[in-house]
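Structural characterization, general
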Amino acid sequence: MNVTPRRSVLLCMLTLLVGSILLGILQVVHAAPLTTILLSGVGALLQTTLLVAYWRGWEYARHSMVLLVTLLVALGLQEPFITQSPSFLLFLPPILALVLVGPVWVIGSAIAIFTAILVRAGGQGVYASSEGLVIYGVCIGGLILGRLAGDTARQTAEEDAHRAEAALTCAEQWAQALAQRTEEARSREAQFEVLAETIPIAVCTLSGTRFGYVNSLSTMLTGYTREELLQMPFWSVVHPEFQDMVRERELARMRGEGVCPRYEVKIITRSGEERWLDYAARLITSTQPPVVLGTALDITHDKQHQSEICRPNGREQPAADDDRY
């Protein structure tokens, strides 16, 4: 059950009212003095009024209740509890102030009730002794310390709750932003794949030592399936004569080093066929981690045509790296 401060105040007032009514009934049954019975009746009526006032929103009803109970105890306490025997009723106003108001009112009500009883006792009796005063003061001090400790714990809990709520709000905002960025990234990736599957050249991305993406023309060009290409190092399809060069260039490109953006390279397809590619690549830094975007055009027929042209003259061109830029 969640008991709010306002509910606790209402319950305290209601309990005090019920106790006052029961006390009045007992006084009637035991034939108490008429003034005592009337004082209890008036007190119960005023307590009812203050309870209703607080329930309707009048905050000062709490303070008025402490003043009323202090006055009722000071005037209604009878012998032998004035000069001969101590009464626990002296603790009622401070305890009520502890629940309804705060530490300052605890001190004020304690001083008021103790002073009133001393005045009625003529400065004599049990309350005039230094021992009684010390004991009463220690008890009131314990009440105040308890209230201060409770207020501090409640304030700390509220601050922790506010911090937790703020952290939760930030986490929700971060999650929403991340989801939005993820959705945007998926949308851009889908658009890229549509474009890559449309253009008539092989397209791939390199991330680390492997392919991150290959389009359908890349699979047709190499003879490998998409799944096979994504599982192998990107230089595996390159002819052994060019593997070291391709590996060093593309890894250097991923590190952001200045590398030739376009060159011709020979590959070996899954069936063992040699093909020449005109390969161009660029580092994309807008992704995390950065990736290399590569495109390749099959120029095998051009290479064969060049070889046929050069062969009659005896000047066949060697298969070497041809850096165009």
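Whatever comes next refers back to the structure up there.
Notes on the structure follow. Keep in mind that this is a model prediction, so the values were computed, not measured.

Examining the environment of Ala74
- Mapped onto the fold, Ala74 is located in helix α3 (residues 61-76).
- Considering only alpha carbons, one finds Ala74 and Phe114, 40 residues apart in sequence, at a separation of 8.3 Å.
- Sequence-distant contacts of Ala74, defined by excluding residues within four places in its chain, comprise Ile113, Ala116, Ile117 and Arg120.

What to know about helix α6 (residues 130-198)
- Over its 69 residues, α6 extends 100 Å from the first C-alpha to the last, a length consistent with the 102 Å expected when each residue adds 1.5 Å.
- For α6, every residue scored as buried is listed here: Tyr136, Ile140, Ile144, Arg147, Asp151 and Ala196.

Quick word on the pairing of strand β4 (residues 274-284)
- Of the pairings in the sheet, the one linking strand β3 (residues 262-268) to β4 comprises seven bridges and is antiparallel in character. Its bridge partner being in β4, Ile267 is matched across the sheet by Arg275.
- If you look at the hairpin formed by β3 and β4, you'll find five residues sitting between the two strands, and Gly272 has a positive phi there, around 95°.
- Relative to strand β5 (residues 291-298), β4 runs antiparallel, the two sharing eight bridges. Pairing of Ala280 across the sheet is with Thr295, part of β5.

Section: the packing of aromatic side chains
- Applying the stated criterion across every chain yields a total of six aromatic pairs.
- Through a chain of ring-to-ring contacts, three or more aromatic side chains come together here, namely Phe91, Phe114 and Tyr136.
- Here the basic side chain of Arg6 rests over the ring of Tyr54, its NZ or CZ set 4.5 Å away from the ring centre.
- Lying across the ring of Tyr263, Arg249 places its NZ or CZ 4.5 Å from the centre.

Observations regarding α3
- Taking 1.5 Å of rise per residue, 16 residues should cover 22 Å, and α3 covers 21 Å from first to last C-alpha, within 8% of that figure.
- If you check which residues of α3 are buried, you get Ala61, Arg62, His63, Met65, Val66, Leu68, Val69, Thr70, Leu72, Val73 and Ala74.
- Looking at the buried residues of α3, the elements they touch are α1 (5-29), α2 (34-55), α4 (92-100) and α5 (103-120).

A few points about a nonpolar patch on the surface
- Residues Leu14, Val18, Ile21, Leu22, Ile25 and Val29 make up a contiguous nonpolar surface patch of roughly 540 Å² in combined accessible area.
- Here Ile21 shows up in helix α1.

A short note on the packing of α1 against α2
- Relative to each other, α1 and α2 sit at 160°, their axes nearing to 9 Å. Judged on the interaxial angle alone, α2 and α1 are roughly antiparallel. Every pair of crossing elements has a handedness; the one defined by α1 and α2 is left-handed. Touching Arg6, Val9, Leu10, Met13, Leu14, Leu16, Leu17, Ser20, Ile21, Gly24, Gln27 and Val28 of α1 are Thr36, Ile37, Ser40, Ala44, Gln47, Thr48, Leu50, Leu51, Tyr54 and Trp55, all from α2.

Brief notes about unusual backbone geometry
- A cis amide bond, omega 10°, links Glu79 with the succeeding residue Pro80.
- The residue Ala31 is not glycine, and still its phi comes out positive at about 55°.
- Counting through the fold element by element, Ala31 comes out in the loop between α1 and α2.

Overview of the pattern of salt bridges
- Applying the stated criterion across every chain, the model contains 13 salt bridges.
- Across the pair Arg253 and Glu250 runs a salt bridge whose closest N-O atoms are separated by 3.0 Å. Linking Arg253 with Glu250, this pair stays in helix α9 (residues 240-254), spanning three residues, or about one helical turn.
- Between Asp298 and Arg275 there is a salt bridge whose closest N-O contact spans 2.7 Å. Remark: Arg275 occurs in strand β4 and Asp298 occurs in strand β5; sequence separation between them is 23 residues.
- For Asp298, a relative accessible area of 30% corresponds to the partly exposed category.
- On the accessibility criterion, Arg275 (19% relative accessible area) is buried.

What counts as what
Residues numbered from 1 in each chain as written. Predicted model: local features only at pLDDT ≥ 70, side-chain atom pairs only at ≥ 80, totals over all residues. Heavy atoms only, no water. Helix = DSSP H or I, 4+ residues; strand = E, 2+ residues; numbered from the N terminus. Contact = heavy atoms within 4.5 Å. Expected span 1.5 Å × (residues − 1). Buried < 20%, exposed > 50% of the residue type's maximum accessible area, 1.4 Å probe, protein only. Pairing = 2+ DSSP bridges. Phe/Tyr/Trp six-rings, centres within 6.5 Å; stacked < 30°, edge-to-face > 60°. Lys NZ or Arg CZ within 6 Å of the ring centre and 35° of its normal. Patch = residues over 30% accessible without salt bridge, like charges linked within 9 Å, V, L, I, M, F, W, Y side chains within 5 Å. Areas by Shrake-Rupley, 256 points an atom, 1.4 Å probe, with all protein chains shown as cover. Salt bridge = Lys/Arg side-chain N within 4 Å of Asp/Glu carboxyl O. Axes fitted to C-alpha atoms, helices over the stretch in contact; angles between N-to-C directions. Parallel < 35°, antiparallel > 145°, perpendicular 65-115°, else oblique. Left-handed = near helix turned anticlockwise from the far one by under 90°.

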